[in-house]
Amino acid sequence: MAPRCWRWWHWSTWRRTRPPLPGSTPSRSRAPVGPDGCAGRPASAKCGGFRQRFSTQEQPPQICVVGSGPAGFYTAQHLLKHHPQAHVDIYEKQLVPFGLVRFGVAPDHPEVKNVINTFTQTARSARCAFRGNVVVGRDVAVPELRAAYHAVVLSYGAEDHRALEIPGEELPGVFSARAFVGWYNGLPENRELAPDLSCDTAVILGQGNVALDVARILLTPPEHLEKTDITEAALGVLRQSRVKTVWIVGRRGPLQVAFTIKELREMIQLPGTRPILDPADFLGLQDRIKDVPRPRKRLTELLLRTATEKPGTEDAARQAPASRAWGLRFFRSPQQVLPSPDGRRAAGIRLAVTRLEGVGEAARAVPTGDTEDLPCGLVLSSVGYKSRPIDPSVPFDPKLGVIPNMEGRVVDVPGLYCSGWVKRGPTGVIATTMTDSFLTGQMLLQDLKAGLLPPGPRPGYAAIEALLSSRGVQPVSFSDWEKLDAEEVSRGKGAGKPREKLLDPQEMLGLLGR
Ligand SMILES: Cc1cc2nc3c(=O)[nH]c(=O)nc-3n(C[C@H](O)[C@H](O)[C@H](O)COP(=O)(O)OP(=O)(O)OC[C@H]3O[C@@H](n4cnc5c(N)ncnc54)[C@H](O)[C@@H]3O)c2cc1C
Ligand SMILES: NC(=O)c1ccc[n+]([C@@H]2O[C@H](COP(=O)([O-])OP(=O)(O)OC[C@H]3O[C@@H](n4cnc5c(N)ncnc54)[C@H](OP(=O)(O)O)[C@@H]3O)[C@@H](O)[C@H]2O)c1
């Protein structure tokens, strides 16, 4: 929830009060940064040079978007569609675009990735440019972007995971779901993860859709993943997996699970597996679901049927020979990861038994004082993602993990906007992110129309390109991505996969002749 202290200053006020430009030299920097955000030359001779190219105030607005996930692309799409002259540069830290659509969405959900076609159309617009391999906050500072563009939109998502903050969390055998997802989806920073799947039991903490994604990938027969874009390395490890049981643990009850019905149905129908639900967890629930909103009611009814009724003929036939199982454990909050006798890796998890205080979605889990130890060789913490602050000049609410904003306008920083998970927190599907990003785009255009953005020309990428070059940063373009894309598709062809993802940034740069 954004604070209520939003003040919308006029541009002239902002010019007097804008935060100082960074004094420190970013890690790859070779040239000092001048007070106008340009590097290497005296302030008077730099961005002023670009000014000569623009003669009137009707110059195209230069807008910069940071992050090329759904939020970045949908914001850009809105701006380009509703302002016929706007030019949008999308900066991305990875060499490749699309954020969690590439590195989050499960490989066995290819239909979700069709949004890439729309994003590709946006990126191919003559008024849009993808600038990959640029880490904003390190290679270029936000004040530098603000000096070069009329407006900057921060759409950099939630790149961290929420920590459990319990003893033993650092033991080998404990991973964040974020890292595990990144590993099977080819995120370069997670390519070395190599989780040890030689244990019998895995525990996933949290009962959201990410938890179900991870459980499904762990339990799906590997031959069913062979035609997806999962990395070959991950597939190799999954083929050797000995995991037979996956517990998905929630601190609250069946009425509070965060996953959705489609994903639950997929679990119930997963080949070679059977569900384990304790009917005792569902006692009295039938009466309580009468008044809950319809999606929650349907979801709970499916849980209830699965827990308490005999499976139908089809389900029974599928489950009879099942060698693997998944179960939902409710009213259990993680308390400690238990070490193996030699203390060298995780061997179990101690769970605090809880009860609910309050009702419905708002009910709180409180410990009863009892605990339960659950032996397992793999612990995956799936209790949510978390955004990081990007730059000292950008306000950040560390508690909520968002940039304080009012409908996408960053509080007290005119000309700065945000969209997506960094704007509203790490929840919501791609469609939610789209609506939210369109709204940010709308606010920006309203401000532009109202004369609240800097008047006159702005150099846009021309200024930033010079800065990046002086710092030894080599941005990649969308056509560079299209070359990498073609290479991935060609590498996947032999195995009947839609693509074999490139994992090594150095190799990618090599393929681009850098
Ligand atoms: C595991 C997982 C599976 C999901 N599956 C589905 C699904 O099946 N269907 C569905 O509808 N939704 C799904 N979602 C939700 C969906 O992915 C999000 O709603 C959406 O991706 C949020 O978009 P975003 O642009 O805010 O963030 P992101 O998609 O994370 O994009 C942020 C981008 O910013 C870049 N970035 C970060 N820091 C910097 C920086 N300093 N400089 C430059 N660039 C930077 C990142 O590299 C990234 O490309 C899933 C989410 C997760 C975590
Ligand atoms: N197929 C899809 O459409 C798909 C796939 C993946 C992700 N997504 C979306 O991406 C978003 C993020 O998903 P997510 O699963 O990461 O987050 P999420 O939906 O917020 O779920 C987080 C889970 O972690 C639990 N949790 C949080 N803090 C905890 C703690 N300290 N101890 C124990 N449990 C804790 C939550 O329980 P409480 O409720 O008790 O807090 C909840 O069960 C969601 O909106 C999701 O729908 C969609």
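Just so you know, these numbers come straight off a predicted model, no measurement behind them. (Residues numbered from 1 in each chain as written. Chains lettered and ligands numbered in written order. Predicted model: local features only at pLDDT ≥ 70, side-chain atom pairs only at ≥ 80, totals over all residues. Heavy atoms only, no water.)

Undergrad: Give me the lowdown on the site of ligand 1, citing residues and values where you can.
TA: Around ligand 1 sit 33 residues in total, of which A71, E92, W421, G428 and I430 are the nearest. Within the contact set of ligand 1, an oxygen atom lies 3.3 Å away from a backbone nitrogen or oxygen of V429. Contacts to ligand 1 include T433, whose side-chain N or O atom sits 3.0 Å from an oxygen atom. In isolation ligand 1 exposes 1000 Å². Once the protein is present, 91% of that is buried. (Near = heavy atom within 4 Å. Polar contact = N/O pair within 3.5 Å; in protein donor to acceptor, adjacent residues only side chain to side chain. Areas by Shrake-Rupley, 256 points an atom, 1.4 Å probe, with all protein chains shown as cover.)

Undergrad: Lay out the sheet that holds strand β13 (residues 364-375) with the relevant residues and their values.
TA: One open sheet accounts for three strands, arranged β11-β12-β13; its pairing is antiparallel. The two strands at the open ends of the sheet, each matched to only one other strand, are β11 (332-339) and β13. Taking each pair of neighbouring strands and ignoring which way they run, the sheet shows an average axis angle of 20°. With seven bridges joining them, β11 and strand β12 (residues 346-357) adopt antiparallel strand pairing. The residue of β12 that forms the bridge with L338 is G348. (Pairing = 2+ DSSP bridges. Helix = DSSP H or I, 4+ residues; strand = E, 2+ residues; numbered from the N terminus. Axes fitted to C-alpha atoms, helices over the stretch in contact; angles between N-to-C directions.)

Undergrad: Please provide a residue-by-residue account of the UniProt feature "binding site: NADP(+)" (unreviewed entry) in the protein chain, values included.
TA: Here, UniProt's "binding site: NADP(+)" (unreviewed entry) annotation points to Q207, G208, N209, V210, R251, R252, E263 and G428. Looking at the secondary structure, you find N209 in helix α8 (residues 209-219). Owing to a relative accessible area of 25%, N209 belongs among the partly exposed residues under this scheme. Those residues within four positions of N209 in sequence are excluded, and the remaining contacts are A258, F259, T260 and E263. If you trace the backbone, R251 turns up in the loop between β8 (245-249) and α10 (261-268). (UniProt positions renumbered as here; feature names shortened; annotations may be inferred. Buried < 20%, exposed > 50% of the residue type's maximum accessible area, 1.4 Å probe, protein only. Contact = heavy atoms within 4.5 Å.)

Undergrad: Any details on the environment of G327? Residues and values, ideally.
TA: Relative to the elements of secondary structure, G327 occurs in strand β10 (residues 324-329). When the C-alpha atoms of G327 and L277 are compared, they prove to be 5.8 Å apart, with 50 residues separating the residues in sequence. Excluding anything up to four places from it in sequence, G327 contacts V246, W247, I248 and I276.

Undergrad: So what about a positive patch on the surface? Which residues, and what values?
TA: On the surface, a cluster of positive charge is made up of R265, R294, R298 and R305. Of all the elements, helix α12 (residues 294-308) adds the most residues to the positive patch, at three residues. Within the fold, R305 resides in helix α12. You can call R305 partly exposed: its relative accessible area is 41%. (Patch = residues over 30% accessible without salt bridge, like charges linked within 9 Å, V, L, I, M, F, W, Y side chains within 5 Å. Salt bridge = Lys/Arg side-chain N within 4 Å of Asp/Glu carboxyl O. Lys, Arg positive; Asp, Glu negative; His and termini not counted. Charge placed at Lys NZ, Arg CZ, Asp CG, Glu CD.)

Undergrad: Help me get a handle on the packing of aromatic side chains, residues and values and all.
TA: Summed over all chains, the structure comprises 14 aromatic pairs. Ring centres of F98 and W481 lie 5.8 Å apart, and the angle between their planes is 85°; on these two criteria the pair is classed as edge-to-face. Of this pair, F98 sits in the loop between β2 (87-91) and α4 (100-103) while W481 is found in helix α17 (residues 478-493), placing the two residues 383 residues apart along the sequence. Overall, the relative accessible area of 1% leaves F98 in the buried class. With 6.1 Å between their ring centres and 85° between their planes, F130 and F478 make a pair best called edge-to-face. Residue F130 is located in strand β3 (residues 128-131), and its partner F478 is located in helix α17; the two are separated by 348 residues in the primary sequence. F478 carries the same exposure label as F130, and that label is buried. Put simply, the rings of F73, Y74, F98, F119, F130, F438, F478 and W481 pair up and form one aromatic cluster. Positioned above the aromatic ring of Y461, the side-chain terminus of R131 is 3.4 Å from the ring centre. R329 extends its terminal NZ or CZ atom over the ring of W247, reaching a point 4.5 Å from the ring centre. (Phe/Tyr/Trp six-rings, centres within 6.5 Å; stacked < 30°, edge-to-face > 60°. Lys NZ or Arg CZ within 6 Å of the ring centre and 35° of its normal.)

Undergrad: Please give an account of the site of ligand 2 that cites residues and values.
TA: Taken together, 20 residues lie near ligand 2, and Q207, R251, R252, E263 and G428 sit nearest. Here an oxygen atom of ligand 2 and a backbone polar atom of Q207 are 3.0 Å apart. Protein burial of ligand 2: of its 920 Å² of free accessible surface, 79% is covered by the chains. With three residues, α8 is the single largest residue contributor to the shell around ligand 2. Considering only residue class, the shell around ligand 2 consists of seven nonpolar, eight polar and five charged. (Nonpolar A, V, L, I, M, F, W, Y, C, P; charged D, E, K, R; others polar.)

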